[in-house]
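Each chain is listed here by its residues.
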Amino acid sequence: MRPPALAVLCSGQGTNLQAILNAIRAGRLSARVAIVVSDRADAKALSRATRAGIEARYVDPRQYPTRASYERALIRLFDQRGVKLVCLAGFMRILSPVFVGHFPQRIVNIHPALLPAFPGAHAIRDALAWGAKVTGVTVHLIDEHVDHGPILLQEAVAISPRETKATLLAKLHRIEHRLYPQAIRLLLDGRARVVGRTVRLR
Ligand code: GRF
């Protein structure tokens, strides 16, 4: 049997995409990335995918009159490829109920803070500006609200007195690249059961 198909949505560097690909290649994750989609033509994630022999698509939101029609185009691409799990990896767009409702509990996101602290697009900057002593990484399922769905895994990291955005980003990336493939594996293995807001892991 073929391993389950993932779709990865990215807007930028794609280091988390790379971590997923590396985990698959190393046999730590039994899955295949069926397609990588970006809303930005210049996303480095697309070239990473192409280099790995994976279908990489730039789907330009400006070509669609509404958010719903854009999302329906993504849904079509993913359904045609039998996608089991959608992984958001630095995808800088908010997904509407059209998309979320089509993949119930089958969309996962990684966020560079300990949710519900520091939601939004500037979590690292915000944690530093707040003077937080601890931040971290959250992997969570997507629901109809932003940075809100049930939490699969979290890991904390200390913010040192001399921390800069660059040093914190590097620390968080190290954690992300380990945590994301782990969380995807839990989901694909059916080891994560959602009870209300809580994810029970077996
Ligand atoms: C990561 O820090 C992730 O937590 C956030 O966006 C960033 C994406 O980085 N959602 P990359 O494109 O995977 O390098």
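Figured I'd write up the structure that's included with this text. Note that the coordinates shown come from a computational prediction; the quantities given were computed from them, not determined experimentally. (Residues numbered from 1 in each chain as written. Predicted model: local features only at pLDDT ≥ 70, side-chain atom pairs only at ≥ 80, totals over all residues. Heavy atoms only, no water.)

Our next topic: the packing of helix H1 (residues 15-25) against helix H6 (residues 165-188). Two elements in contact, H1 and H6, have axes separated by 9 Å at closest approach and are oriented at 50 degrees. Comparing the axis directions of H1 and H6 gives the class oblique. Here H1 and H6 pass one another in a crossing that is right-handed. Taken together, the residues of H6 that come into contact with H1 (itself represented by Thr15, Asn16, Ala19, Ile20 and Ala23) are His173, Glu176, His177, Tyr180, Pro181 and Ile184. Its residues assigned to classes, the contact of H1 with H6 shows six nonpolar, four polar and one charged. (Axes fitted to C-alpha atoms, helices over the stretch in contact; angles between N-to-C directions. Helix = DSSP H or I, 4+ residues; strand = E, 2+ residues; numbered from the N terminus. Parallel < 35°, antiparallel > 145°, perpendicular 65-115°, else oblique. Left-handed = near helix turned anticlockwise from the far one by under 90°. Contact = heavy atoms within 4.5 Å. Nonpolar A, V, L, I, M, F, W, Y, C, P; charged D, E, K, R; others polar.)

What the rule picks out here adds up to four aromatic pairs. Where Tyr64 meets Tyr70, the ring centres are 5.5 Å apart and the plane angle is 70 degrees; that geometry is what we call edge-to-face. Considering the side-chain rings of Phe78 and Phe103, the 6.3 Å spacing of their centres and the 50 degrees angle between planes classify their relative orientation as tilted. Of this pair, Phe78 sits in helix H3 (residues 67-80) while Phe103 is found in the loop between helix H4 (97-102) and strand S5 (107-111), placing the two residues 25 residues apart along the sequence. Judged on exposure class, the residue Phe78 and its partner Phe103 are both buried. Just above the ring of Tyr70 sits the side chain of Arg93; from NZ or CZ to the centre is 5.8 Å. (Phe/Tyr/Trp six-rings, centres within 6.5 Å; stacked < 30°, edge-to-face > 60°. Buried < 20%, exposed > 50% of the residue type's maximum accessible area, 1.4 Å probe, protein only. Lys NZ or Arg CZ within 6 Å of the ring centre and 35° of its normal.)

A word on the side chain of Ser11. For Ser11, the position within the fold is in the loop between strand S1 (5-10) and H1. Among the polar contacts listed, one links the side chain of Ser11 to the side chain of Asp39, at a separation of 2.8 Å. One polar contact links the side chain of Ser11 to the main-chain amide nitrogen of Met92, over a distance of 2.8 Å. With residues up to four places along the chain from it excluded, the contact list for Ser11 reads Ser38, Asp39, Arg40, Ala43, Ala89, Gly90, Phe91 and Met92. (Polar contact = N/O pair within 3.5 Å; in protein donor to acceptor, adjacent residues only side chain to side chain.)

Once that is clear, we can look at the site of the ligand. With respect to spatial proximity, the complete set of residues near the ligand consists of Gln13, Gly14, Thr15, Asn16, Gly90, Ile110, His111, Pro112, His173 and Glu176. In this structure, an oxygen atom belonging to the ligand sits 2.8 Å away from a main-chain N or O atom of Gly14. The separation between an oxygen atom of the ligand and a polar side-chain atom of Glu176 is 2.4 Å. Isolated, the ligand exposes 370 Å² of accessible area, and the fraction of that covered by the protein chains is 85%. Breaking the shell around the ligand down by element, the ones donating at least two residues are H1, S5 and H6. (Near = heavy atom within 4 Å. Areas by Shrake-Rupley, 256 points an atom, 1.4 Å probe, with all protein chains shown as cover.)

The next subject is the pairing of strand S4 (residues 83-88). Taking burial as the measure, the six residues of S4 include five buried ones, the bulk of the element. Of the strand pairs in this sheet, S1 and S4 are connected by five bridges, and their pairing is parallel. Directly across from Val8, in S4, lies its bridge partner Cys87. Pairing of S4 with S5 involves three bridges; the strand directions are parallel. (Pairing = 2+ DSSP bridges.)

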